[in-house]
Amino acid sequence: MMTKEINLSELFPIHAEIEGNRIIIQLHNIIVGDLSLSQFKKSLKKNLILDQTELDVAVRGDQLVLEIGSPFGNVDEKRIANTAGQLISNLLYPTLRNQVTRNKLVYITKATGIPLIGRIDFGIIDRGTNLLQIRPITGCVLDCPFCSVDSGSRSKTRITDFIIDSDYLADEAKKLCEFKGSRSIELHIDGQGEPTLYPYLPALIKDFSVIRGVETISLQTNGAPLTEKLIDQLETAGLSRINLSLNSLDHNKACELSGNAGYSLSHILGIIEHIMRSQISLLIAPLWIPGFNDEEILGIIRFVKKLGIESKWPVLGLQNYLVHRHGRRMKGVRPESMKHFRWKLERIERAFEFFPLLLRHGDFHIVPMNSYPKPFRKGEIAEIEILGAGRMSGEMLGVGRGRSLHVLTNEKDINRKTRVRITRTKHNIFIGNPVGH
Ligand code: SF4
């Protein structure tokens, strides 16, 4: 009997532990799932037709190892490893969770049949300009008390997270860039959460950088998961600009505004220094919460002025605190109108001699550009298919006519055709309300 070991953790980015009959597998520090040990062994033997081969699964440290004993001498290691990888992926899929938020995680590949256009929470959003928003992952490491999308581990409304296969996302972005005429495109990676949690970010940016017509690749981040190594990788991949959130230079207030006691302001300041040493442009994007961080905002303006960041884009992008229907709101804070916010910025621009503070589309070279046709009309009744849970309770993921939709229903029947009245089509984002069956 010849015995052989195959270390699956050396071949795939997985860490594992065994608990009873379950193998718990973690991928890339963000994706976690579990599968039945006995079912995995049985399926592997069946798929490989290994009747007389002894097969066992062990975990050494956090490495997942296959132990194979064959009476026939040599075994086809590559075939066994590939089959094991495929099986793990299939068996793991229904149990996937976002390691950070602990929410159920839906891994979207081309094979799932889930289109990447049509929803606000994942995929590609085209608002009819040369800037496309790219949303590869949902979920956040922070729990900011003002979060407009109620993201993070303490979210009360977001129950499902999504992650998109990077090849699928790059292919769909390429198609849309071609549709727009392959010129002057900005791909802006943001999301309902923190996009640097996306484990394939450098690879995605590298794929974006070779799409014809893509001139700028920008990234929105709170900076917490960024490391110097990751910044170097993003720079090599072709990232043009980082828009970094920074809401206070006071450690305690910064922590309070992040909703996370582990938030490290000094880490963020180190990240700023490292970005400034790289080829990536930096824009600091503080949220102005009236009556809460007024002094801090003035301090940040002074800080950014002193930094002397060089960039072809504005280096400071102050945001107005707005309340969103499904977001979190700061207790006791009254939002200010955009008109008043702009008035304040104009005054500060002059007082601090800091230009521009009041940003316009032109500062980022954003121009109107044709969008994909909308396959639904507002008010029409359309047949669509429910493919899974939505990001929020009371909402499901629907698919129809090459688009994903938000379907406002509590019914959990999956793979069911249903008729909906389309109530939103703006920016190719669709909402459907079920109508009588
Ligand atoms: S960093 Fe952004 S997405 Fe994350 S909790 Fe804060 S506001 Fe929400």
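Residues numbered from 1 in each chain as written. Predicted model: local features only at pLDDT ≥ 70, side-chain atom pairs only at ≥ 80, totals over all residues.

1. Let's talk about the site of the ligand
- Around the ligand lies a shell formed by Cys140, Leu142, Asp143, Cys144, Cys147, Val149, Ser151, Gly152, Gly193, Glu194 and Asn222.
- Here the shell around the ligand is built from residues that sort into 5 nonpolar, 4 polar and 2 charged. (Near = placed C-beta within 6 Å. Nonpolar A, V, L, I, M, F, W, Y, C, P; charged D, E, K, R; others polar.)

2. As for the packing of helix α5 (residues 201-209) against helix α6 (residues 228-237)
- Between α5 and α6, the shortest axis-to-axis distance is 8 Å and the interhelical angle comes to 15°. Between α5 and α6, the angle is such that the two are roughly parallel. As for the relative orientation of α5 and α6, their crossing is right-handed in sense. Between α5 and α6, the contacting residues are Leu201, Pro202, Ile205, Lys206 and Ser209 on the first element and Gln233, Leu234 and Ala237 on the second. (Axes fitted to C-alpha atoms, helices over the stretch in contact; angles between N-to-C directions. Helix = DSSP H or I, 4+ residues; strand = E, 2+ residues; numbered from the N terminus. Parallel < 35°, antiparallel > 145°, perpendicular 65-115°, else oblique. Left-handed = near helix turned anticlockwise from the far one by under 90°. Contact = placed C-beta atoms within 7 Å.)

3. Observations regarding the sheet that holds strand β20 (residues 403-407)
- Strand order around the closed barrel formed by 5 strands is β18-β19-β20-β22-β21, with mixed pairing between neighbours. Direction aside, neighbouring strands of the sheet carry axes that sit 55° apart on average.
- Direction of pairing for strand β18 (residues 381-389) relative to strand β19 (residues 396-400): antiparallel, over a ladder of 4 bridges. Bridge assignment links Gly388 to a residue of β19, and that residue is Leu397. (Pairing = 2+ DSSP bridges.)

4. A short note on the sheet that holds strand β14 (residues 241-245)
- Here 6 strands make up an open sheet; going across it, the order is β9-β10-β12-β13-β14-β15 and the pairing mixed. With one partner strand each, in any of the chains shown, β9 (123-126) and β15 (281-285) form the two edges of the open sheet. Neighbour-to-neighbour, the strand axes of the sheet open up by a mean angle of 20°, direction not taken into account.
- Running at roughly 155° to strand β13 (residues 214-221), α5 makes contact with β12 (185-189) and β13 of the sheet.

5. Concerning the environment of Glu353
- Here Glu353 shows up in the loop between α10 (338-352) and β18.
- C-alpha separation for the pair Glu353 and Lys305, spaced 48 residues apart in sequence, amounts to 9.5 Å.

6. A few points about the domain arrangement of the protein chain
- Under the domain assignment used here, the protein chain contains domain 1 (2-95), domain 2 (104-364) and domain 3 (381-434).
- The C-alpha centroid of domain 3 is placed 37 Å from the C-alpha centroid of domain 1. (Domains from an automatic or database assignment.)

7. Overview of the pairing of strand β11 (residues 160-164)
- By the criterion of burial, β11 is predominantly enclosed, with 5 of the 5 residues buried.
- Because side chains alternate across β11, one face comprises the buried residues Thr160, Phe162 and Ile164, and the other comprises Asp161 and Ile163, equally buried. (Buried ≥ 20, exposed ≤ 12 C-beta atoms within 10 Å, placed from the backbone.)

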